[in-house]
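Take a look at the letters that make up each chain.
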Amino acid sequence: MISAGVGEKISSPLPNDVDSPAVIVRLDSGVTYRDLKEGEGKGEGEVVTEGKRVNIQWVLKRSNGYSIDSSSNNDGVPFIFIQQQQRAIAGLDEGIRGMKLGGIRRIVIPPSLAYTDGLNDDGTSPGPVPTGFGPKQRIRRVMENRMDVPDESFLLDVKLTRIQ
């Protein structure tokens, strides 16, 4: 379980042994993140930089903690992408930079850096793209109806499982 807010717990494929340092990083784009568990990557090859191919396990929620989808709902299949190649939503691409192998990070993504290119299953939309009508509809509600609502955003918990 990962804490989603004051006293609230949400089911997650991420481990229970997360550390919660108080350091929150805010990027110029509006993306914020904090490391829930520092990765163990020691060398340059174990830190996410531009052009690295990464595998992540993920949990996507709305800013109110309402669960949308996760890799565990999709048979644990990780989302795989090359950093800075526009295969991931912009907020994820920015928020994962500098992350170490094995780390767990909560990334808060404004709608303007989330699913602006749609939710197509044909591989043309940046991901992770949830499967099924329900999860996609939850994202569409934010993107179409609540994009201008203050503090409306997506929470993306990611665990970095592989870097190439």
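Residues numbered from 1 in each chain as written. Predicted model: local features only at pLDDT ≥ 70, side-chain atom pairs only at ≥ 80, totals over all residues. Heavy atoms only, no water.

An unreviewed UniProt entry lists the protein chain under the name peptidylprolyl isomerase, from Fragilariopsis cylindrus CCMP1102. Listed under Catalytic activity (unreviewed entry) in UniProt, the entry text for the protein chain is "[protein]-peptidylproline (omega=180) = [protein]-peptidylproline (omega=0)". (UniProt positions renumbered as here; feature names shortened; annotations may be inferred.)

Caption draft 1: Just the pairing of strand β5 (residues 53–62), in detail. Within β5, nine of the 10 residues are buried, which leaves the element mostly enclosed by the surrounding structure. Sheet topology note: the β5/strand β9 (residues 154–163) ladder contains nine bridges and is antiparallel. Within β9, the residue paired with Val54 across the bridge is Ile163. Here three bridges tie β5 to strand β6 (residues 67–70), and the two strands are oriented antiparallel to one another. Bridging across to β6, Leu60 finds its partner in Asp69. Counting the residues between successive antiparallel strands, the hairpin from β5 to β6 contains four residues, one of them, Gly65, with a positive phi of roughly 90°. (Buried < 20%, exposed > 50% of the residue type's maximum accessible area, 1.4 Å probe, protein only. Helix = DSSP H or I, 4+ residues; strand = E, 2+ residues; numbered from the N terminus. Pairing = 2+ DSSP bridges.)

Caption draft 2: View of the pattern of salt bridges. On inspection of all chains with the given rule, the structure shows five salt bridges. Residues Arg106 and Asp157 are paired through a salt bridge, measuring 2.7 Å at the closest nitrogen-oxygen approach. Of the two residues, Arg106 is situated in strand β8 (residues 104–109) and Asp157 in strand β9; the sequence distance between them amounts to 51 residues. Given a relative accessible area of 9%, Arg106 falls into the buried group. Counted as one network, the salt bridges with shared partners bring together Lys61, Arg106 and Asp157. (Salt bridge = Lys/Arg side-chain N within 4 Å of Asp/Glu carboxyl O.)

Caption draft 3: The arrangement of empty space enclosed by the protein in detail. Summed over all chains, the structure comprises one cavity of 30 Å³ or more. Lining the largest cavity are Asp35, Lys37, Glu38, Gly39, Gly98, Met99, Lys100, Gly103, Ile104 and Arg105. Listed by contribution, the elements that provide at least two residues to the lining of the largest cavity are β4 (32–37) and β8. Considering only residue class, the lining of the largest cavity consists of two nonpolar, three polar and five charged. (1 Å grid on protein atoms, 1.4 Å probe; cavity = no way out; pocket = protein on both sides within 12 Å on 5 of 7 lines; lining within 4 Å. Points joined across faces, edges and corners; volume = space filled by probe spheres on them. Nonpolar A, V, L, I, M, F, W, Y, C, P; charged D, E, K, R; others polar.)

Caption draft 4: Representation of the layout of surface pockets in the model. Roughly 300 Å³ of volume is contained in the largest pocket. If you go around the largest pocket, you meet 18 residues; those closest to its centre are Phe79, Ser125, Gly127, Pro128 and Val129. For the lining of the largest pocket, the class distribution of residues is eight nonpolar, seven polar and three charged.

Caption draft 5: Spatial organisation of unusual backbone geometry. The backbone of Asp75 shows a phi angle near 60°, a positive value even though the residue is not glycine. Positive phi, normally seen in glycine, also occurs at Gln86, with a value near 60°. The residue Gln86 is located in the loop between β7 (79–82) and α1 (90–95) in this model. Residue Gln86 is classed as exposed on the basis of its relative accessible area, which comes to 65%.

Caption draft 6: Inspection of the packing of aromatic side chains at higher detail. For the structure shown, the criterion picks out two aromatic pairs. Each ring, one from Phe79 and one from Phe81, has its centre 5.1 Å from the other, and the planes form 25°; the classification is stacked. For the pair Phe79 and Phe81, one class covers both residues: buried. (Phe/Tyr/Trp six-rings, centres within 6.5 Å; stacked < 30°, edge-to-face > 60°.)

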